[in-house]
Amino acid sequence: MEIISSYLPSAGIGYDFSSIHLEPMTFLEMTQYVDGVKDISDIERYFYDIRMLAHEDANILNCYIMDIDFLIFYKKLISVSGNTNLTVSVKCPDCGTIIKKEISLEKDIKFENIDEKIMGGAIIDLGGKRYETKVPLVKDLLKVFDVFKRYSRVSDLKMMKTISLFKDFETKSQQIENDVLGATRGDITLLLALRDLYFDRVEPVKVFCPNCNKGKSVSERRSMTVSVDSLIVDFFQSVCLNCGLDGSKILFKQIS
Ligand SMILES: [Zn+2]
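Cut-offs and rules
- Residues numbered from 1 in each chain as written.
- Predicted model: local features only at pLDDT ≥ 70, side-chain atom pairs only at ≥ 80, totals over all residues.
- Domains from an automatic or database assignment.
- Contact = placed C-beta atoms within 7 Å.
- Helix = DSSP H or I, 4+ residues; strand = E, 2+ residues; numbered from the N terminus.
- Nonpolar A, V, L, I, M, F, W, Y, C, P; charged D, E, K, R; others polar.
- Core = buried A, V, L, I, M, F, W, Y, C linked by C-beta atoms within 7 Å.
- Buried ≥ 20, exposed ≤ 12 C-beta atoms within 10 Å, placed from the backbone.
- Pairing = 2+ DSSP bridges.
- Expected span 1.5 Å × (residues − 1).
- Bend = angle between axes of the 7 residues up to and from the residue.

Enquirer: Mind showing me how you'd approach the domain arrangement of the protein here?
Expert: Interfaces are frequently sized by the accessible area removed from exposure as the parts join. Domain parsing of the protein yields domain 1 (2-109 + 224-242) and domain 2 (116-198). Contacts between domain 1 and domain 2 engage 14 residues on the former and 14 residues on the latter. Per element, the largest residue contribution to the side of domain 1 that touches domain 2 is 4 residues, and it comes from helix α2 (residues 42-56). Of the residues belonging to the side of domain 1 that touches domain 2, the class tally is 12 nonpolar, 2 polar and no charged.

Enquirer: Looking at this structure, how should I read the nonpolar core?
Expert: Grouped burial of nonpolar side chains is what soluble globular proteins tend to show. Of all hydrophobic cores here, the largest spans 43 residues; its most connected members are Leu71, Phe73 and Ile163. With 9 residues, the top contributor of residues to this core is helix α3 (residues 65-80). In terms of domain composition, this core takes at least three residues from each of domain 1 (2-109 + 224-242) and domain 2 (116-198). Ignoring sequence-local partners within four residues, the contact set of Ile163 consists of Val144, Phe169, Ile176, Glu177 and Val180.

Enquirer: Would you explain the pairing of strand β6 (residues 129-133) in this entry?
Expert: Consecutive side chains of a regular strand alternate in pointing toward one face of the sheet and then the other. Where strand β5 (residues 122-126) and β6 come together, 5 bridges link them in antiparallel fashion. Within the sheet, the bridge partner assigned to Ala122 lies in β6 and is Thr133.

Enquirer: Sorry if this is basic, but what is going on with helix α6 (residues 169-181) here?
Expert: Every α-helix winds through 3.6 residues per turn, so residues three or four apart in the chain are directed the same way. For α6, which comprises 13 residues, the first-to-last C-alpha distance of 14 Å sits more than 12% below the rise-based estimate of 18 Å (1.5 Å per residue). A maximum bend of about 50 degrees is found in α6 at Gln175. Of all the positions in α6, only Phe169, Ile176, Glu177 and Val180 are classed as buried. The inward-facing, buried residues of α6 contact α4 (138-150), α5 (157-163) and α7 (185-198).

What follows is the structure in structure tokens.
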């Protein structure tokens, strides 16, 4: 299956490939996957997912980080669903009701429009120093992850993504890490703005609790949000909980 680059959150700006190739997992691959991620942390699972995709199409490593969550979601979705719809369970934080919501890849998953001007990178001042940033690629994030794992430093994915924005990470990793983790006041605002620009491009899906919103008009209704990165962590577990057999797959024989 080919996913056209212009269909991705980054709109494929600056890519020298026109599509990404992904196939649905077979039963064997899915079984191996579920076994492979059983005893690892969420963050290791994220990198496990990335390596699985890169095994199929090496250009995954040259994708922007802003595209990877969508691609992981896509791979998992086509592996379990023929129509790119997925039912998820969400617990209402106010009343505890479990709400089932069908999410459609075409209708519900939307990206914020990308501004071509930001794709060339920037010069920033952080911790009194001047740094050059770039639009980080998946392979940049893997480098940060490897360094952090080797020296068992912070294991916060958002921090790693932020650090991968810096062009000189390979030569100044310790200094950049100190300036990012130790950022204060105006520098925090700057880093949060960069995160917004380069990472969270997939808009969260809105879910309404029928119990808390009983009798309310559309404008009064309060919604909850479900983000794609939260969906991909427990994806297969969620599928098993929400997708029962439809009854046409197995016909039990009558005992005579
Ligand atoms: Zn509720």
